[in-house]
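# Commentary on secondary and tertiary structure
Residues per chain are reported as follows:
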Amino acid sequence: MNIDPLIVEILQIAVLLIVAPVFTGWIKMVKCWFQGRTSPSLFQPWRDIVKLFSKDVTLAENASWIFRFTPYLVFGISVMAGGIIPILSMDLPLSAMADVIALVALFSIARFFTALAGMDIGTAFGGMGASREMTIASLAEPAMLMAVFAVSLVGKSTSVSQMAIVISQGHSLLRPSLVFALLAFILITLAETGRVPVDNPATHLELTMIHEAMILEYSGRHLALIEWASMMKLFLFAVLGIASFVPWGIPRNGELLSVAVALLVLLFKLAGIGVVLVLIETGLAKMRIFRITEFLGSAFLFATIGMMSYFMLE
Amino acid sequence: MLLSPINVISSSFAVLLLILALTPFLRLNQRLLINVGFFLAAIASFFAAVAGFWSLVNGMTTQVILPIGLPDLPFHLRIDLLSGYFLVVVGLLAFFVSIYSIGYVKGFLGQRSVTHLVVFYVLFLAGMVLVVLADDALFFLIAWEMMAASSYFLVLYEDERVENRRAAFLYLVVAHVGAIAILLSFGVLAGLTTGFSGFQNYTFDAMRAAHLPPELATLAFLLAFFGFSAKAGVIPLHIWLPEAHPVAPSNVSALMSGVMLKTAIYGIVRVVFDLIRVFPWWWGALVLVFGLVSAVMGVLYALMQHDLKRLLAYHSVENIGIILIGIGLSMIFTSFNMSLLAALALIAGLYHTLNHAMFKGLLFMGAGSVLNATHERNMEEMGGLIRFMPWTAVLFLIGCISISALPPFNGFVSEWLTYQAFLLSPALPSPLLNLMIPLGAALLALTSALAAACFVKAFGVTFLGNHRGHHGGHIHEAGWSMRLGMLLAALACLGLGIFPTYMIGWMDPLAEKLVGGKIAASASGLGWMWLTPIAAERASYSAPLAFIGILTVVVVTYLLLHARPGAIRRAPLWNCGFEKVTSRMQYTATSFAMPLRRIFGFLFSIKEHVRQPPSASHPAFPDRIHYHLRVRDRFWTWMYQPVIDASFWLSRRIGRMQQGRIQIYLIYSFVTILVLLIFS
Amino acid sequence: MNVQLASHLNSLLASFILLTAFGLVVQRRMNALLHLFAWQGFFLAVSTAIVGYLGGAHDLYISSILTLAIKVALLPYILHRLIIKLKIHKEVETVVNIPATMLMGIVLVIFSYHLTAPIRELSTLVTRSTLAVALATVMLGFLMMITRKHAVTQIIGFLAMENGLLFAATSATYGMPLVVELGVALDLLIAAFIFGMFFFHISTTFDSLDVDQMARLKEED
């Protein structure tokens, strides 16, 4: 029985909204197990978001409309990005709206406004967070584009659904270009979503904050929306990686049974990704900010080797 | 037919002449002069844009031979698809800027006379329109010179300051070096057709018809590229741009950055795609390399600036680089006869031309409003202006978002098309190009990310936060005409971003004429809402849907989840508990750019010096700290200083001829007569 | 294991060899350099075995085992003992900074791809596409020797070049005759011993293995 693509789209966004905080909770759980601590519940991030929603909003006296507008914009863009990437099905009405380059640009606009909101209040923390965030973003962009280039050479397209279709049809899993593009993509994800070794999401020390520094002045439901959006961003990068590199399990059309199976396969893959992420985070220490150049330089190198391998070896 | 593009453009000129005629009568009442002059200039620009659009959309070409000109060498005028497109670029921005000028120039009333500002503005507009319409080498160069000379006088408008005079002089010198190269290039092209023995073939038609041997065609191309690059501000010939654009009045800066640089692009496209037409692939690679270098270095220079208008001027260098990237790719594809991809790359480059005119004009107009209100160009003295100038802030923000190539505005569309052209380059048959071109794509990605960083800095430091300077008077919002000009430009940015398929449909005949490929049919293959160059499965982007989607989701989120007014509390800022925050504790423009300065600083010569004089009270707690930062352009010491030194050395040597004694001069005349008699 | 899968695996190993070659150029820490060199030898050994399977040249299996023994086990062990005995610092300095070296490496790879294009047209072997990677490995080994300031890294660069040559031999002609291989392996061992003796000598003369110190050897006017 075929479900209408629009229903699949709405289902997908619902999955995004609900599962993203659970994914963050899972990562926290696994990290605590590795470190020998007792972990909070899997649904703790949900409880945090609900708590923030019930609190009052405290705005600085000199906050402008940009400060108030940013949480809604960032949340809205994350939700829209969830409609473009194939999570439960490759046949989505919104997938023609943006290809992977437009997707990266959508994340950029969210980051642009977050940086502006950081500078809006006029504190040193906000300026510092904005400055560092834009620096890391500009170093990650070339690597991201090279990885996109390498994958689009294999998938013969830049549309995410199309790439997923072509790669899931391919017989050889071990093409060097895809392997290297995947390595580059992992490093870029760590940089863009602000995980160790680029940025510690749990810190509040001024010398080590990047993302936290930009959103320091937010409170109440504004903070809830921003926190939810950053959890969704991690989820979206994970799902983008799944769609580009391991898309088996995502059905071509919206058959009810295959969509249900796709959901289960997705949860299984996300669990695996969470474990890999925790291994990386526990194994590496947070880097000095100027070492991030070399980190992202290696990501660029991996992506370039992937692109060159396509021409040289395939 | 009575109404045709050529008639419309003639009426535009008639209006401009009317302004010049009225000026002597109106110059006593300066306010009336401003109102009438710029209003008529707006009308003239509007006519020019209409004429250009008409010619572009209907694919009409009209040629006119003017009765004026040198004896036996009359001037030819031609309005065809390419000149039509550039007339739209020139006319549209000039229309917005003229409306803006009505309010802006009133800021000069009482300080100095605005008569020559109006006169040279009109001449400048006329010069730019004529450059685009000229159909023979002589007329082209005369119009080019008119454009350069009138803009020199406009740059020199506030000439009591020595750095303004110096900047204008530098601009004049570089412009003329470029003009000489262009002249030589046309000479080569014209001379080739007649074997350097006659003058008849100075018209572009004759140059088109001629068959050119490769070496001489290469020489003509290199000379033309050098000459037009000097005007466009391509690195390393960019040195005049950041000096001249900031010192000019802001409406003039908007026109210079937005439109005058584009006439150089027009020149390159005309010479390469229209006059020469057959060329090897390495020409395109050369243009691509210069485009990439300009783009990356331009944005890095811009990041180091704390003068708002200088920052915008360096961004013009960057965007010219991006336009050249599109044109270079198009040249490479054309030399391999891949006309569809060549059309895509050319449309990407030309679309960016129009986009840049729109958002750069908007940004300079915004900077002008800020300058009018605060009398300050230095960003370190600004801050918190969003509370005093809310309209200017919003419109400037739209300009910032557009230039950072973010959806749904227009900058993103042309960059997206350029990326698509890059991503289709694996179809090229040359393996070397296949490996090197993707590196260029990575550099373009670096450029646009750095541009976004730079504009977060520019907007954040200028408009957000608290005011850093010590301003005496109060800061007021810009007048209605200034706001109207900026609003129209912002709407143009939004429109060009949301309706790319229509724009490509209009530009398609131009691409077909120049490179022989059409992409409009495939570009709107899924419908007018989706932009799908080449094929829908290959890549697609729907700007209207993206815009509506973002708007819808934001509004829905707001309606569902916004805080009730009673639940919002205003309080002093949090700042982790440090309450005594002064405006000097904020990040400044210099500090914002510090990480990038550390990382990319090896490209400049940077000297940073921190000095802490001994404190009176206690050695550990300083009273004051001196921080000195000097960032210098390496090209000045490598390229320009040696040339300047060499020319001074040479002129000193030659100056020895001027002894001052009359006997020596009589000897010179006598020797010359003897020589002429011997060799006659 | 069919031919298709084997040649895919060979391509994958070629890309990993290229990765380790880049890693040798940009890596700073001494222990990491030794590990990378060992991994490069391992990938090379496996690749040689696969080429032996593909081309039916069974003496390549012996060559592969030899590579494993010498390049993965023996040489890194010798170098490790040397490092401990000479109390060498754990980090190496470079002549140019790391991102610039990386960019030079990328340019060299593109250059070697361009150079081997005519051979790719003419060759009929399955492994012809890996020849570019082999040449690139040689060049990157040379680049490593140029941009490092330490004597131990010079020998690692030399050994990396030899890895590249062996790889080139297997991709171009399905390997060299076994006698030649044994001779080359023996030469390498002797070279390693001689280098070791030289390091002791340099170290006692200059109290350091930084090759910049050797500039003191030139005549002063």
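Model, not experiment: these values are computed from the prediction. (Residues numbered from 1 in each chain as written. Chains lettered and ligands numbered in written order. Predicted model: local features only at pLDDT ≥ 70, side-chain atom pairs only at ≥ 80, totals over all residues.)

### Quick notes on the overall build of chain B
Rule in force here: Strands are runs of DSSP state E lasting at least 2 residues, helices are runs of H or I lasting at least 4, and numbering of each runs from the N terminus. Radius of gyration means the value over C-alpha atoms here, while the globule rule gives 2.2 Å times the residue count to the 0.38 power. Think of it as a crowd count around each C-beta: if 20 or more other C-beta atoms lie within 10 Å the residue is buried, if 12 or fewer it is exposed, and in between it is partly exposed, with C-beta placed from the backbone throughout.
From N to C terminus, chain B includes 24 helices and five strands. Relative to the globule expectation of 26 Å for 680 residues, the C-alpha radius of gyration of chain B, 27 Å, shows essentially globular dimensions. In terms of overall dimensions, chain B has a C-alpha envelope of 95 × 75 × 60 Å along the principal axes. By the burial criterion, 54% of the 680 residues in chain B qualify as buried.

### What to know about the overall build of chain C
Which entries qualify depends on this criterion: Here, residues touch in the contact sense if the C-beta positions derived from the backbone fall within 7 Å of one another.
Looking only at helices and strands, chain C has eight helices and zero strands in total. The linear arrangement of helices and strands in chain C, starting from the amino end, is α-α-α-α-α-α-α-α. The globule rule puts the C-alpha radius of gyration for 221 residues at 17 Å, and the 18 Å found for chain C is close to it. Within chain C, the fraction of its 221 residues that count as buried is 39%. Taking the contacts inside chain C whose residues are at least 6 apart along the sequence as the reference set, 73% of them involve residues at least 24 apart.

### Quick look at the interface of chain B and chain A
As a measure of interface size, the accessible area lost when the parts come together is often cited. Cut-off, in case you're wondering: Each residue is assigned to one class: nonpolar for Ala, Val, Leu, Ile, Met, Phe, Trp, Tyr, Cys and Pro, charged for Asp, Glu, Lys and Arg, and polar for all the others, Gly among them.
On the chain A side, the residues contacting the 68 residues of chain B number 66 residues. Only helix 15 (410-423), helix 16 (431-463), helix 20 (543-561), strand 3 (568-571), helix 21 (589-592) and helix 22 (594-600) of chain B provide two or more residues apiece to the side of chain B that touches chain A. If you tally residues by element for the side of chain B that touches chain A, the top one is helix 16 of chain B, at 15 residues. The residue makeup of the side of chain B that touches chain A, split by class, is 49 nonpolar, 13 polar and six charged.

### Re the packing of helix 1 (residues 3-26) of chain C against helix 4 (residues 98-115) of chain C
Residues and elements named next belong to chain C. Where we set the bar: To obtain each axis, a line is fitted to C-alpha atoms, and for helices this fit is confined to the stretch in contact; angles are then taken between N-to-C directions over 0 to 180 degrees. Two helices crossing with the near one rotated counterclockwise from the far one by less than a right angle form a left-handed crossing, whereas a clockwise rotation gives a right-handed crossing.
Remark: helix 1 packs on helix 4, axes separated minimally by 9 Å, with the N-to-C direction vectors making an angle of 145 degrees. When the axes of helix 1 and helix 4 are compared, the crossing they make is right-handed. Across the interface between the two elements, F22, V25 and V26 of helix 1 pack against I98, T101, M102 and G105 of helix 4. Residue classes in the contact of helix 1 with helix 4 are distributed as five nonpolar, two polar and no charged.

### Brief notes about helix 4 of chain C
Note the threshold: Every helix has an expected span of 1.5 Å times one less than the residues it contains.
Relative to the 26 Å expected for 18 residues at 1.5 Å per residue, helix 4 of chain C spans 26 Å between its end C-alpha atoms, a close match to the ideal helical length. Among the residues making up helix 4 of chain C, those that are buried are C:T101, C:M102, C:G105, C:I106, C:V109, C:I110, C:S112 and C:Y113. Buried-residue contacts for helix 4 of chain C involve helix 11 (292-313) of chain A, helix 16 of chain B together with helix 1 and helix 6 (131-147) of chain C.

### Thoughts on unusual backbone geometry
Residue and element names in this part refer to chain B. A cis amide bond links I235 to the next residue, P236, at an omega of 10 degrees. Tracing the sequence through the fold places P236 in the loop between helix 8 (214-232) and helix 9 (241-247). Here the amide bond leading from P407 into P408 is cis, since omega sits at 0 degrees, within 30 degrees of zero. Of note, P408 is situated in the loop between helix 14 (390-403) and helix 15.

### Examining the packing of helix 15 of chain B against helix 16 of chain B
In a packed pair of helices, the relevant descriptors are the angle between the two axes and the axis-to-axis distance. Residue and element names in this part refer to chain B. Applicable threshold: Working definition: roughly parallel below 35 degrees, roughly antiparallel above 145 degrees, roughly perpendicular at 65 to 115 degrees, and oblique for all remaining angles.
It is the contact of helix 15 with helix 16, at a shortest axis distance of 10 Å, that shows an interaxial angle of 160 degrees. On the basis of their axis angle, the class for helix 15 and helix 16 is roughly antiparallel. Considering the relative orientation of helix 15 and helix 16, their crossing is left-handed. Judged by residue contacts, E415, T418, Y419 and F422 of helix 15 engage I437, G440, A441, L444 and S448 from helix 16. For the contact of helix 15 with helix 16, a count of residues per class yields five nonpolar, three polar and one charged.

### Considering the nonpolar core
The cut-off we apply is this: Note on terminology: a nonpolar core is a set of buried residues of type Ala, Val, Leu, Ile, Met, Phe, Trp, Tyr or Cys, with members joined through C-beta atoms within 7 Å.
Core analysis: the largest hydrophobic core is formed by 424 residues, its most contacted members being A:A147, A:A184, A:A303 and B:I347. No other element matches the 21 residues that helix 13 (residues 339-374) of chain B contributes to this core. For B:I347, the contacting residues outside a window of four places in its chain are B:L417, B:I504, B:M507, B:A511 and B:I519.

### Looking at the interface of chain A and chain C
Of the residues lining the interface, 16 residues belong to chain A; the matching set on chain C comes to 18 residues. Elements represented by at least two residues in the side of chain A that touches chain C include exactly helix 7 (176-192) and helix 11 of chain A. Per-element tally for the side of chain A that touches chain C: the top contributor is helix 11 of chain A, with 10 residues. Residue classes in the side of chain A that touches chain C are distributed as nine nonpolar, five polar and two charged.

### A short note on the pairing of strand 2 (residues 73-79) of chain B
All names here are of chain B. Convention followed: A strand pair is defined by DSSP finding two or more bridges across the two strands.
Of all seven residues making up strand 2, five are buried, and the element is well covered by its neighbours. In this sheet, strand 2 lies alongside strand 1 (residues 62-70) in antiparallel orientation, the contact comprising six bridges. Note on strand 2: the bridge partner recorded for V64 is L77.

### Points about the pairing of strand 4 (residues 605-611) of chain B
All names here are of chain B. With respect to burial, strand 4 is a largely exposed element, only zero of its seven residues being buried. Pairing geometry for strand 4 and strand 5 (residues 626-632), over seven bridges, is antiparallel. In the strand pairing of strand 5, K607 is matched with R630.

### Comments concerning the environment of B:H470
Residues and elements named next belong to chain B. Within the secondary structure layout, H470 lies in the loop between helix 16 and helix 17 (480-498). Classification of H470 by C-beta neighbours within 10 Å gives exposed; the count is 6. Residues H470 and E381 lie 89 residues apart in sequence; the distance between their C-alpha atoms is 7.5 Å.

### Let's talk about the domain arrangement of chain B
Going by this rule: Throughout, the edges of the domains are those of an automatic or database domain assignment.
As far as domains go, chain B holds domain 1 (593-613 + 623-632) and domain 2 (638-679). Once you take the C-alpha centre of each, domain 1 of chain B and domain 2 of chain B turn out to be 46 Å apart.

### Looking at the environment of B:Q420
Tracing the backbone through its elements, the reader meets B:Q420 in helix 15. In contact with B:Q420, not counting residues within four places along its chain, are B:L344, B:P533 and B:A539.

### Section: the confidence of the model for chain C
All names here are of chain C. Note the following rule: Confidence of the predictor at the level of single residues is captured by pLDDT, which takes values from 0 to 100.
Of the residues in chain C, 92% have a pLDDT of 70 or more, and the chain-wide mean is 82. Mean pLDDT values for the elements of chain C range from 77 in helix 8 (residues 178-206) up to 89 in helix 6. For this predicted complex, the interface score ipTM comes out at 0.93, while the overall pTM is 0.91.

### Describing helix 18 (residues 500-515) of chain B
Residues and elements named next belong to chain B. Definition in use: To obtain the bend at a residue, axes are fitted to the seven residues ending there and to the seven starting there, and the angle between these axes is taken.
For helix 18, the principal kink sits at M507 and spans about 40 degrees; a proline, P509, occurs within the next four residues. Within helix 18 the residues assigned to the buried category are P500, T501, M503, I504, M507, D508, L510, A511, L514 and V515. G516, located one to two residues past helix 18, shows a positive phi value of around 85 degrees.

### As for the environment of B:P426
Within the secondary structure, B:P426 is located in the loop between helix 15 and helix 16. Sequence separation between B:P426 and B:P438 is 12 residues; the distance between their C-alpha atoms is 8.9 Å. Not counting residues within four places of it along the chain, the set of residues in contact with B:P426 comprises A:L153 and B:N434.

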